[in-house]
Amino acid sequence: MSEAAEVVSSARALLLDFDGPITGLMPPPLNAQAAEQARLALQEIPLPDEIATTTDHLAVLHFAAAHRPDRYSSVERACSEAEIDCARRSQPSPEAQALFEDAQRRSVPVAVVSNNSAYAVREFLHRFSWAAAGRVFACRTPEVGARLKPDPFLVQRAIALLRVHSDDCIFVGDSVSDVQAGNAAGVRVVGLAKTPERGRQLLAAGAVALIERAP
């Protein structure tokens, strides 16, 4: 058994990021299309170069939350619609079924902790009959858009909803912001590394072990 598998098997509660560990929600060019859809809600507003050219729709959402709160709801709606559309088409990640099946076999509660829309997450899980396995959702809603990971808020919400202690949880995530959010909430994080470089980044951020995805 790998180190990551041993750590995950020690969990009394499992927290899973959505985009990456459960599904590749927006592979290119869908990510760029979603970012452009989000920018349409900011028409006629001068945007910094990094926002005008980004392929990350959540970067556009962060910009609206920080600088144009009057347009935030429109950008949030555009982001959510793009994510739901992708969730109706995306496929499970190579790791998803094993993670859900292991948790079910051991009767370990699962929470999905994601910066993606709660509606998109539910849409995807219902497609594959995993909604019952991931009964707790600590995901983006319009009300918490300013408190997304790396803020620990969503991780803390998941812990509270599961009614467990942070020491009992393992969080599987594929980004540095997942590791930062988990660590800030007192949760051990297992990093999902799609490349060796990402693996090094996750370990440097504080991941306790790696699930290394085969090329």
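Above this text sits the structure in question.
The structure contained in this document is the topic of the report that follows. From a predicted model like this one, the values you see are computed outputs, not experimental measurements.

## Thoughts on the overall build of the protein
Item 1. Counting secondary structure elements, the protein contains ten helices and six strands.
Item 2. The C-alpha atoms of the protein give 17 Å as radius of gyration, which agrees with the globular expectation for 215 residues (17 Å, within 12%).
Item 3. Considered along the principal axes of its C-alpha atoms, the protein spans approximately 55 × 35 × 30 Å.
Item 4. For the protein, with 215 residues in total, the buried portion stands at 52%.
Item 5. For the protein, the share of sequence-separated contacts (at least 6 apart) that also reach a separation of at least 24 residues comes to 65%.
Item 6. As displayed, the protein offers around 10,200 Å² of accessible surface, 50% of which is attributable to carbon and sulfur atoms.
Item 7. Charged side chains of the protein number 22 positive and 26 negative; the gap between the two group centres comes to 5 Å.

## Let's talk about the sheet that holds strand β5 (residues 188–193)
Item 1. One open sheet accounts for six strands, arranged β3-β2-β1-β4-β5-β6; its pairing is parallel. Every interior strand has two partners, whereas the edge strands, β3 (136–140) and β6 (209–212), have only one. On average, adjacent strands in this sheet sit at an angle of 20 degrees to one another, irrespective of strand direction.
Item 2. Note that strand β2 (residues 110–117) and β3 share five bridges and pair parallel. Bridging across to β3, Val112 finds its partner in Phe137.
Item 3. Helix α10 (residues 196–205) contacts β5 and β6 of the sheet and is inclined by roughly 170 degrees relative to β5.

## So, helix α6 (residues 96–105)
Item 1. Every buried residue of α6 is listed here: Ala96, Leu99, Phe100, Asp102 and Ala103. Buried residues of α6, viewed axially, fall in a sector of 165 degrees; they line one side. Away from the buried face of α6 by more than 90 degrees, exposed residues Gln104 and Arg105 are located.
Item 2. Directly after α6, the chain includes Ser107, whose backbone phi takes a positive value near 55 degrees.

## Comments concerning the packing of aromatic side chains
Item 1. For the coordinates displayed, the defined rule picks out five aromatic pairs.
Item 2. Of the aromatic side chains, those joined through ring pairs into one cluster are Phe18, Phe100, Phe124, Phe128 and Trp130.
Item 3. Positioned over the ring face of Phe137 is Arg122, at 4.1 Å from the centre of the ring.

## Details of the nonpolar core
Item 1. Core analysis: the largest hydrophobic core is formed by 37 residues, its most contacted members being Leu14, Leu16, Ile22, Val112, Leu125 and Val190.
Item 2. Element by element, the count of residues in this core is highest for helix α7 (residues 118–127), at five residues.
Item 3. In contact with Leu16, not counting residues within four places along its chain, are Ile22, Leu99, Phe100, Val110, Ala111, Val112, Val113, Phe171 and Val172.
Item 4. Judged by nonpolar contacts, the second largest core, of 25 residues, contains Leu15, Val144, Leu154 and Ala185.

## Quick word on the environment of Ala158
Item 1. With respect to the element layout, Ala158 can be found in helix α8 (residues 153–162).
Item 2. Taking the C-alpha atoms as reference points, Ala158 and Phe137, 21 residues apart in sequence, are found 7.0 Å from one another.
Item 3. With near-sequence residues (within four places) excluded, Ala158 lies in contact with Leu15, Ala111, Val113, Val136 and Ala138.

## Brief notes about the pattern of salt bridges
Item 1. Enumeration according to the criterion identifies 15 salt bridges in this entry.
Item 2. Note that Glu76 is salt-bridged to Arg140, the shortest N-O span being 2.7 Å. Here Glu76 is found in helix α5 (residues 72–87), whereas its partner Arg140 is found in strand β3, with 64 residues between them in sequence. Comparing Glu76 with Arg140, the two get one shared label, buried.
Item 3. When salt bridges with common partners are traced through the structure, they connect Asp17, Lys149 and Asp178 into a single cluster.

## Quick word on the side chain of Asn116
Item 1. Within the secondary structure, Asn116 sits in strand β2.
Item 2. Using a relative accessible area of 5% as the deciding quantity, one classes Asn116 as buried.
Item 3. Here the side chain of Asn116 touches Glu83 through a polar contact of 3.3 Å, side chain to side chain.
Item 4. Setting aside its immediate chain neighbours within four residues, Asn116 contacts Phe18, Asp19, Leu25, His57, Glu83, Cys139 and Arg140.

Procedures and definitions
Residues numbered from 1 in each chain as written. Predicted model: local features only at pLDDT ≥ 70, side-chain atom pairs only at ≥ 80, totals over all residues. Heavy atoms only, no water. Helix = DSSP H or I, 4+ residues; strand = E, 2+ residues; numbered from the N terminus. Rg over C-alpha atoms; globule rule 2.2 N^0.38 Å. Buried < 20%, exposed > 50% of the residue type's maximum accessible area, 1.4 Å probe, protein only. Contact = heavy atoms within 4.5 Å. Areas by Shrake-Rupley, 256 points an atom, 1.4 Å probe, with all protein chains shown as cover. Lys, Arg positive; Asp, Glu negative; His and termini not counted. Charge placed at Lys NZ, Arg CZ, Asp CG, Glu CD. Pairing = 2+ DSSP bridges. Axes fitted to C-alpha atoms, helices over the stretch in contact; angles between N-to-C directions. Arc of directions from axis to C-beta. Phe/Tyr/Trp six-rings, centres within 6.5 Å; stacked < 30°, edge-to-face > 60°. Lys NZ or Arg CZ within 6 Å of the ring centre and 35° of its normal. Core = buried A, V, L, I, M, F, W, Y, C linked by side-chain atoms within 4.5 Å. Salt bridge = Lys/Arg side-chain N within 4 Å of Asp/Glu carboxyl O. Polar contact = N/O pair within 3.5 Å; in protein donor to acceptor, adjacent residues only side chain to side chain.

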